[in-house]
Amino acid sequence: KTPLLILDLNGVKSLSEAEGVAPCSLYLYDDLNVMEQRLYDRYIGDSPSVDGLKKFLSRKEQNIADYLEMEKFAPVFFRFVKGGNTVEASAEAILAAYKAFENGEKSDVTGNLATARELKESAIRKL
């Protein structure tokens, strides 16, 4: 059995620096517009409220901030995994990356850095 931990960026960095730990760290990402729509649906949806709007704006800001800082975290991750259109598609992409890790494939630092730069550019366009 393999545990699944859902961590923020600092948690992943701390775990990767722990002695004797070699985690399969994956960063599941999506287009900021898609994430913004999901956040809107979750926090505002059909019943807008001041509290929901505050949560929406806070999470949106955090996503943008994460993407702006992603380059410095890219080497910590085994793979960056683009989310799918469905939960099932995302789960399949995560499973495929995990199987690659289990099979001894090396971390895709070059690909991670390229993706991190794309994420940063998308965040800058959002500002």
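Residues numbered from 1 in each chain as written. Predicted model: local features only at pLDDT ≥ 70, side-chain atom pairs only at ≥ 80, totals over all residues. Heavy atoms only, no water.

(A) Structural view of the overall build of the chain. Of the regular secondary structure elements, the chain holds five helices and two strands. Each of the three principal axes of the chain carries a C-alpha extent, and together these read 50 × 30 × 25 Å. Looking at the chain as a whole, 28% of its 127 residues qualify as buried. In the chain, 74% of the contacts between residues at least 6 apart in sequence involve partners at least 24 apart. Accessible surface, the chain: about 8,600 Å² in total, of which carbon and sulfur atoms supply 53%. Positive and negative side-chain charges in the chain, numbering 17 and 20 respectively, have mean positions lying 1 Å apart. (Helix = DSSP H or I, 4+ residues; strand = E, 2+ residues; numbered from the N terminus. Buried < 20%, exposed > 50% of the residue type's maximum accessible area, 1.4 Å probe, protein only. Contact = heavy atoms within 4.5 Å. Areas by Shrake-Rupley, 256 points an atom, 1.4 Å probe, with all protein chains shown as cover. Lys, Arg positive; Asp, Glu negative; His and termini not counted. Charge placed at Lys NZ, Arg CZ, Asp CG, Glu CD.)

(B) View of the pattern of salt bridges. By the definition in use, this model includes ten salt bridges. For Lys 126, the salt bridge identified is with Glu 36, shortest N-O distance 2.5 Å. Taken together, the residues Lys 126 in helix H5 (residues 109-126) and Glu 36 in helix H2 (residues 32-43) connect sequence positions 90 residues apart. Of the residues examined, Lys 126 reaches a relative accessible area of 28% and is grouped as partly exposed. Between Glu 71 and Lys 120 there is a salt bridge, with its nearest N and O atoms 3.7 Å apart. In this pair, Glu 71 sits in helix H3 (residues 50-73) while Lys 120 sits in helix H5, placing the two residues 49 residues apart along the sequence. Salt bridges linked by common partners bring Asp 30, Arg 38 and Lys 82 together as one network. (Salt bridge = Lys/Arg side-chain N within 4 Å of Asp/Glu carboxyl O.)

(C) Fine view of the nonpolar core. Core analysis: the largest hydrophobic core is formed by 16 residues, its most contacted members being Tyr 27, Tyr 67, Met 70, Phe 77, Phe 80 and Leu 119. Among the elements of the structure, helix H1 (9-17), strand E1 (26-29), H2, H3 and H5 are those that each provide at least two residues to this core. Per-element tally for this core: the top contributor is H3, with four residues. Setting aside its immediate chain neighbours within four residues, Tyr 27 contacts Leu 9, Asp 66, Tyr 67, Met 70, Phe 77, Arg 79, Phe 80, Val 81 and Leu 119. (Core = buried A, V, L, I, M, F, W, Y, C linked by side-chain atoms within 4.5 Å.)

(D) The side chain of Ser 122, seen in detail. Mapped onto the fold, Ser 122 is located in helix H5. Residue Ser 122 is classed as buried on the basis of its relative accessible area, which comes to 14%. What Ser 122 contacts, discounting residues up to four positions off in sequence, is Leu 32 and Tyr 67.

(E) Expanded view of the packing of aromatic side chains. Tallied over the entire structure, the rule returns seven aromatic pairs. Each ring, one from Tyr 27 and one from Phe 77, has its centre 5.5 Å from the other, and the planes form 65 degrees; the classification is edge-to-face. Here Tyr 27, found in strand E1, pairs with Phe 77, found in the loop between H3 and strand E2 (79-82); they are 50 residues apart in sequence, far enough to count as distant. The same class applies to Tyr 27 and to Phe 77, which are both buried. (Phe/Tyr/Trp six-rings, centres within 6.5 Å; stacked < 30°, edge-to-face > 60°.)

(F) Region of the structure containing the packing of H3 against H5. Between H3 and H5, the shortest axis-to-axis distance is 7 Å and the interhelical angle comes to 140 degrees. In terms of axis orientation, H3 runs oblique to H5. Where H3 crosses over H5, the two elements pack in a sense that is left-handed. Across from Ile 64, Tyr 67, Leu 68, Met 70 and Glu 71 in H3, the residues of H5 making contact are Leu 113, Ala 116, Arg 117, Leu 119, Lys 120, Ser 122, Ala 123, Ile 124 and Lys 126. Of the residues in the contact of H3 with H5, the class split is nine nonpolar, one polar and four charged. (Axes fitted to C-alpha atoms, helices over the stretch in contact; angles between N-to-C directions. Parallel < 35°, antiparallel > 145°, perpendicular 65-115°, else oblique. Left-handed = near helix turned anticlockwise from the far one by under 90°. Nonpolar A, V, L, I, M, F, W, Y, C, P; charged D, E, K, R; others polar.)

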